[in-house]
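# Structural description and commentary
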Amino acid sequence: KNKVFICFLVGGLMISCMTGCQKRKDNVKTEDSQAVEVETETTKAETDVKTPVDTHEGQEKSLLTGEWIDEDIASKRPVAVMVENTKMALPQYGLSNADIIYECPVEGGITRLMAIFQDYNNIKKIGNVRSCRHYFAYLAHDYDAIYFHAGASKYAYDGVLAENYIEDIDGITGVGGQYFFRDSNKKAPHNLYTASDMISESISNMKWDTEYSKDYDGVFKFAEDDTEENLTNGDDAKAIVMYYQNPKPWFEYNDETGLYDRFEFGNEQIDGNTNTQISVKNIIIQNCSSSIMDDVGRLDFKLFSSGTGKYISNGKCIDITWKRNSKDDVTHYYDKDKKE
């Protein structure tokens with residue numbers, strides 16, 4: 001699947017795009033700027049038979065992954081769900097269904113995930129769900145997503161959420177609690193989840209639009225087919241190790257599937273619904289300038305700005321730049337030739 005994983009880097013730290021999954025030698029390291037897969041005879045008649053052309057009737061390309069999907073799903077607004085990423089939260093549920101996953105640092109040396117789903121049907125458990133940080137709300141807005149979270153920092157409550165900038169469901173305050181459930185097998189606050197039927201019910205009750213606005217064009221520009229055309233001159237990237245200190249995540253390229261398998265806390269990162277490892281096609285590392293906002297260590301990222309990064313796919317890695325002009329704009333990513 002053409003899933004996208006976006007990681008924020010901060011503070012001028014180091015990432016390695018490494019060429020060996022075994023001994024991991026010949027590292028390619030880059031100093032980041034400040035931040036956030038017996039012959040037989042044939043007759044002529046047989047060789048003239050043409051392979052049927054798939055016209056993709058009843059399908060459209062997903063704005064999130066570039067894949068051909070049912071047209072009713074392709075026009076559907078996605079939802080973004082905040083997911084805890086600590087050892088206490090494992091396993092997480094529903095991540096293998098997500099089209100895009102963001103990983104960003106929060107205070108205390110941990111990271112938090114935001115999973116974005118366009119087809120969120122038939123997922124019995126998603127989460128666990130945790131609180132909003134204001135920059136996640138801005139990122140969810142990139143995808144015209146309806147945002148699900150459980151609580152928020154004061155900067156999110158007093159700022160972006162108070163401005164009604166994004167349509168959101170809060171599992172801690174107001175009517176939002178009815179769209180989440182607790183799992184008695186875990187202790188709070190690591191046991192709050194939502195599910196497909198709850199998400200659909202909440203959107204219906206809130207009477208929010210369920211389809212993209214006509215002028216929404218998405219964030220990414222996808223290739224027509226699965227080739228390495230744009231990355232042939234890139235560095236080998238068979239393993240990607242992120243600097244995040246708490247989960248210590250890394251990705252390993254699987255030559256058989258053409259996907260990057262995700263690991264953290266020393267083990268495979270598993271979806272509890274399917275008992276399968278999280279794997280993605282594309283990884284974007286977005287370097288963002290950052291600052292500490294208070295004594296708790298809450299972070300701010302300069303998202304309405306520009307910067308550098310990496311695009312990683314098919315075992316290759318290239319340098320990129322990114323730009324977002326304002327909170328109402330979407331983030332744009334460019335290669336070295338400034339091609340989006």
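Residues numbered from 1 in each chain as written. Predicted model: local features only at pLDDT ≥ 70, side-chain atom pairs only at ≥ 80, totals over all residues. Heavy atoms only, no water.

Here we come to the environment of Glu-201. Structurally, Glu-201 is set in helix α5 (residues 196–206). Given the relative accessible area of 39%, Glu-201 is considered partly exposed. Taking the C-alpha atoms as reference points, Glu-201 and Gln-178, separated by 23 residues in sequence, lie 9.9 Å from one another. (Helix = DSSP H or I, 4+ residues; strand = E, 2+ residues; numbered from the N terminus. Buried < 20%, exposed > 50% of the residue type's maximum accessible area, 1.4 Å probe, protein only.)

Here helix α3 (residues 134–141) lies mainly inside the structure; seven of its eight residues are buried. When we look at burial in α3, the residues that qualify are His-134, Tyr-135, Phe-136, Ala-137, Tyr-138, Leu-139 and Ala-140.

Another aspect to go through is the confidence of the model for the chain. Here the chain averages 87 in pLDDT, while 85% of its residues score no lower than 70. Contacts of residues 10–45 to residues separated by more than four positions or lying in other chains number 95 contacts, the stretch itself having pLDDT below 50. (pLDDT = per-residue confidence, 0-100. Contact = heavy atoms within 4.5 Å.)

Moving on, we come to the sheet that holds strand β13 (residues 192–194). Strand order across the open sheet formed by three strands is β9-β13-β12, with antiparallel pairing between neighbours. Looking at strand neighbours, the two that pair on one side only are β9 (126–127) and β12 (181–182), the edges of this open sheet. Of the pairings in the sheet, the one linking β12 to β13 comprises two bridges and is antiparallel in character. Looking across to β13, one finds that Phe-181 is bridged to Tyr-193. (Pairing = 2+ DSSP bridges.)

This part takes up the nonpolar core. When a protein is soluble and globular, its nonpolar side chains tend to lie buried together. Within the largest apolar cluster, 84 residues are counted, with the highest numbers of intra-cluster contacts made by Ile-6, Phe-8, Tyr-102, Met-114, Tyr-143 and Tyr-147. The element best represented in this core is α3, accounting for six residues. (Core = buried A, V, L, I, M, F, W, Y, C linked by side-chain atoms within 4.5 Å.)

The next point concerns the pairing of strand β26 (residues 316–323). Each regular strand carries side chains that alternate between the two faces of the sheet. Judged from the two bridges that link them, strand β14 (residues 235–236) and β26 form a sheet pairing that is antiparallel. Across the sheet, the residue bridging to Asp-236 is Lys-316, located in β26. For strand β25 (residues 306–313) and β26, the ladder comprises eight bridges, and the chain directions are antiparallel. Bridge pairing in β26 links Ile-312 to Cys-317. Between β25 and β26, which pair antiparallel in sequence order, lie two residues; one of them, Asn-314, sits at a positive phi of approximately 55 degrees. Pairing of β26 with strand β27 (residues 332–334) involves three bridges; the strand directions are antiparallel. Within β27, the position partnered with Lys-323 by the bridge is His-332.

It is worth spelling out the state of the cysteines at this point. Structurally, a disulfide amounts to a covalent bond that connects the sulfur atoms of two cysteines. Following the criterion strictly, the structure yields zero disulfides and no others. Between Cys-104, a cysteine without a disulfide, and Cys-288, which holds the nearest cysteine sulfur, the sulfur-to-sulfur distance is 7.7 Å. Looking at Cys-104, the relative accessible area reads 0%, which means it is buried. (Disulfide = S-S within 2.5 Å.)

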